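The chain contents come next:
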Amino acid sequence: MAKLKILEFPDPRLKTVAKEVKSFDAGLKKLLEDMTETMYSANGIGLAATQVNVHKRLLVLDISEDRDQLRVYVNPQILSESGEQNCEEGCLSVPGVYASVKRAENVVVKAQDIDGKFFEEQLKGLHAVCIQHEIDHLEGRLFVDYLSPLKRNMLRKRLEKQRKVAAQEAAEHLVI
């Protein structure tokens with residue numbers, strides 16, 4: 001397995017709409033293993049392929065406390081949704097930023113597993129929020145897209161400043 005690089009906002013590749021997975025082969029299994037390792041090592045509870053610059057409709061989730069209930073969704077789609085909840089969301093592609101986002105409380109999802117077998121699930125609470133968040137990635141959307149343009153622009157500037165400071169600190173440590 002290999003840890004993959006996670007794209008960070010405002011990288012334009014995060015806006016790419018993912019394409020349907022048609023081949024359920026060893027390459028797909030390897031990609032899903034790498035995505036899982038990447039998600040766990042970054043302390044995430046979900047990761048969409050778009051976030052690692054692979055524009056295929058697949059994602060991994062594990063909302064369990066013990067990190068032992070991995071769920072794989074290939075070509076996921078929401079069939080229905082009901083209720084409403086506001087949830088404080090964060091994202092591996094927008095590190096250190098959290099915002100309240102309105103989502104459906106309950107969703108019915110249809111997807112395929114790692115072997116291409118179709119399944120449906122009724123999800124609620126955090127699981128429902130997480131699947132909606134990750135499917136948004138597959139559609140080229142980020143949770144910050146739900147924020148006002150002013151907040152989104154302030155966030156972009158703050159992240160750019162953090163990256164510059166981190167790059168300067170890294171450069172200073174390389175000087176001998």
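Quick summary incoming for the structure in this document. Treat the numbers as computed from the prediction; the structure is a model and nothing was measured.

## Topic: the overall build of the protein chain
Then, number 1: Each helix and strand counted, the protein chain has three helices and seven strands in total.
Then, number 2: In sequence order, the secondary structure elements of the protein chain are arranged as α-β-β-β-β-β-β-β-α-α.
Then, number 3: If you line up the protein chain on its principal axes, its C-alpha atoms span 55 × 40 × 30 Å.
Then, number 4: Relative to its full complement of 176 residues, the protein chain shows a buried share of 43%.
Then, number 5: Partitioning the intrachain contacts of the protein chain with sequence separation of at least 6 by distance along the chain shows that 65% fall at a separation of at least 24.
Then, number 6: Carbon and sulfur atoms form 52% of the exposed surface of the protein chain, whose accessible area is close to 9,900 Å².
Then, number 7: Taking the 26 positively charged and 27 negatively charged side chains of the protein chain as two groups, their mean positions are separated by 7 Å.

## Observations regarding the nonpolar core
Then, number 1: Judged by nonpolar contacts, the single largest core of 16 residues is most densely connected at Leu59, Leu61, Tyr73, Val107, Val109, Leu123 and Ile131.
Then, number 2: Among the elements of the structure, β2 (58-61), β6 (106-112), β7 (118-124) and α2 (125-138) are those that each provide at least two residues to this core.
Then, number 3: No other element matches the five residues that α2 contributes to this core.
Then, number 4: If we skip the residues at most four places from it in the chain, valine 107 touches Ile78, Ser80, Glu81, Glu121, Gln122, Leu123, Ala128, Ile131 and Gln132.

## What to know about the layout of surface pockets
Then, number 1: The volume enclosed by the largest pocket comes to roughly 360 Å³.
Then, number 2: Together, 22 residues line the largest pocket, and Gly44, Ile45, Gly90, Cys91 and Leu92 are the ones closest to its centre.
Then, number 3: When contributions to the lining of the largest pocket are tallied by element, the ones reaching two or more residues are β4 (85-91), β5 (94-103) and α2.
Then, number 4: Its volume calculated, the second largest pocket comes out at about 190 Å³.
Then, number 5: Around the second largest pocket sit Val97, Tyr98, Ala99, Leu147, Lys151, Met154, Leu155 and Arg158, which together line it.
Then, number 6: Looking at the lining of the second largest pocket, the elements that each hand over two or more residues are β5 and α3 (149-174).
Then, number 7: The greatest single-element share of the lining of the second largest pocket, amounting to four residues, is contributed by α3.

Basis of the calculations
Residue numbering note: each chain is counted from 1, following its sequence as written. Per-residue local features are limited, in this predicted model, to residues with pLDDT of at least 70; the limit for side-chain atom pairs, both in listing and counting, is 80 or more; totals at the level of whole chains, interfaces and linings are taken over all residues. As a rule here, side-chain values come from all non-hydrogen atoms in the structure, and water together with hydrogens is ignored. Only DSSP runs of H or I reaching four residues or more are called helices, and only runs of E reaching two or more are called strands; each is numbered from the N terminus. Buried residues are those whose accessible area, probed at 1.4 Å on protein chains only, stays under 20% of the maximum for their type, while exposed residues exceed 50% and partly exposed ones sit between those limits. Should any heavy atoms of two residues lie within 4.5 Å, those residues are counted as being in contact. Using a 1.4 Å probe, the Shrake-Rupley method yields the accessible areas, and only the shown protein chains count as cover for residues. In this tally Asp and Glu are treated as negative and Lys and Arg as positive; neither His nor the chain ends contributes. Taken as the charge centre is NZ of Lys, CZ of Arg, CG of Asp or CD of Glu, depending on the residue. Definition of nonpolar core: a set of buried residues of the types Ala, Val, Leu, Ile, Met, Phe, Trp, Tyr and Cys, connected through side-chain atoms within 4.5 Å. Using protein atoms alone on a 1 Å grid, points that fit a 1.4 Å probe yet trap it form a cavity, whereas open point sets bounded by protein on both sides within 12 Å along at least five of seven lines form a pocket; residues with an atom within 4 Å of a point count as lining. Grid points are joined across faces, edges and corners, and a volume is the space filled by probe spheres set on the points.

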